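Close look at the chain arrangement
Single-letter residue listing:
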Amino acid sequence: MNPYLALTRPGNMILTAVAVIAGAFIAAGPEIMDFQIEVAICCLCSMMLVGGGNALNDYNDRETDKENHPERPIPSGSISADRAIVCAQALLALGLLILLLALDNPMPFAVAMAGIILLIAYENGLKAAGIIGNIVVGLMSGAVFLFAGVAVDEPGATLWMFGLAVLATITREIVKDIQDLEGDTDRRTLPSSIGIENSMMVAIVTLLIAIGLSYIAMGQFDDRASDAYLGGITLANGTMLFGIYNARQEDYFSGQKNIKQGMGIAMLAFIAAAGLS
């Protein structure tokens, strides 16, 4: 893969665009067709912003990635750190500029700008602040659904997805920090502060809160939509709990992968319910 493309993690970029479309549909339902241009612009810009954020992350993690992720473009020597930071800055600036100039609605730009501020704060200190850093990552992950909601002028319907994404992402980030514990010598992560076992307990409690909220969210759907949501969200929750099981077996890679898969299934549950409402 081209090192510049690998730097942006194209899989994450595509998933972000899918999440924007999903969030817009959850918020607006069939009326999403009235916002085709807005959604298309938000998809493009969200991919740029996520790609830029990933490049910035790789730049800042270039030393620890020699231990944790030696296959990434910078530690592998495929691309220089100087070129990586220029790529990050260009993508972030261009994504914000397009939102500012191409949309009459200022709210997507405002949400994106808030996300970039969080990103910069995270990369410049909060990353090493233990659970606070995990919470910031959760907020940035959940913000994509608010971003989509404001793009179609209906942010209220995406608040549930925002909350669930925040909590599930915090859980996944804790598991990831446990996996990277040996290489994270320059970061004060939660596992390095309170130990692996206590960190796992925090992850479990956080995920259980998310699961509880996911069933409360069923109240916004009726009849067939409610049934579809119940089936989908139960499968999603089971997948994420299986991730916790794998993490407890010290298979942290599979654990965080299962949690991410469960988040995707939860998104599909919301989409199905919105389509049947």
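In what follows, the structure referred to is the one given above.
What this report covers is the structure whose coordinates are included nearby. (Residues numbered from 1 in each chain as written. Predicted model: local features only at pLDDT ≥ 70, side-chain atom pairs only at ≥ 80, totals over all residues. Heavy atoms only, no water.)

Structural notes on the packing of helix H9 (residues 159-179) against helix H13 (residues 252-276)
Counted only if it meets this: Lines fitted to the C-alpha atoms define the axes, with helices restricted to the stretch that makes contact. Angles between their N-to-C directions range from 0 to 180 degrees. In this description a helix means any DSSP run of H or I spanning at least four residues, a strand means any run of E spanning at least two, and both kinds are numbered starting from the N terminus. Should an angle lie under 35 degrees it is considered roughly parallel, over 145 roughly antiparallel, and from 65 to 115 roughly perpendicular; all remaining angles are considered oblique. Here a residue-residue contact requires only that any non-hydrogen atoms of the pair lie within 4.5 Å. Throughout, the ten residues Ala, Val, Leu, Ile, Met, Phe, Trp, Tyr, Cys and Pro are labelled nonpolar, Asp, Glu, Lys and Arg are labelled charged, and all others, Gly among them, are labelled polar.
Look at H9 against H13: their axes get within 8 Å of each other, and the N-to-C directions meet at 170°. In this view, H9 runs roughly antiparallel relative to H13, as classed from their interaxial angle. Contacts from Trp160, Met161, Leu164, Ala165, Ala168, Thr169, Thr171, Arg172, Val175, Lys176, Ile178 and Gln179 in H9 reach Tyr252, Phe253, Gln256, Ile259, Lys260, Met263, Ala266, Met267 and Phe270 in H13. Taken together, the residues of the contact of H9 with H13 sort by class into 14 nonpolar, four polar and three charged.

Points about a nonpolar patch on the surface
Quick note on the threshold: Patch building starts from residues that exceed 30% relative accessible area and form no salt bridge, then joins like charges within 9 Å and nonpolar side chains (Val, Leu, Ile, Met, Phe, Trp, Tyr) within 5 Å. All accessible areas in this document rest on Shrake-Rupley with a 1.4 Å probe, and a residue is counted as covered only by the protein chains that are shown. Within this document, salt bridges are pairs made up of a side-chain nitrogen of Lys or Arg and a carboxyl oxygen of Asp or Glu, the two lying within 4 Å of each other. Exposure is judged per residue with a 1.4 Å probe applied to protein chains only, and the accessible area is read against the type maximum: over 50% gives exposed, under 20% gives buried, and values in between give partly exposed.
A contiguous nonpolar surface patch, about 390 Å² in accessible area, is contributed by Leu94, Leu97, Leu100 and Leu101. Classification of leucine 101 as exposed rests on a relative accessible area of 66%.

Some thoughts on unusual backbone geometry
Trans is the common state for peptide bonds, and a negative phi is the common state for residues other than glycine. Residues other than glycine seldom take positive phi values, yet arginine 9 does so here, at roughly 55°. Within the element layout of this structure, arginine 9 appears in the loop between helix H1 (3-8) and helix H2 (10-28). Notably, aspartate 153 is not glycine yet its phi reads approximately 65°, a positive angle. When you line up the elements, aspartate 153 lands in the loop between helix H8 (131-151) and H9. For aspartate 153, a relative accessible area of 48% puts it in the partly exposed group.

Digging into the side chain of serine 226
Inspection of the secondary structure puts serine 226 in helix H12 (residues 223-248). Judged by its relative accessible area of 15%, serine 226 is buried. Not counting chain neighbours up to four residues away, the residues in contact with serine 226 comprise Met218 and Phe221.

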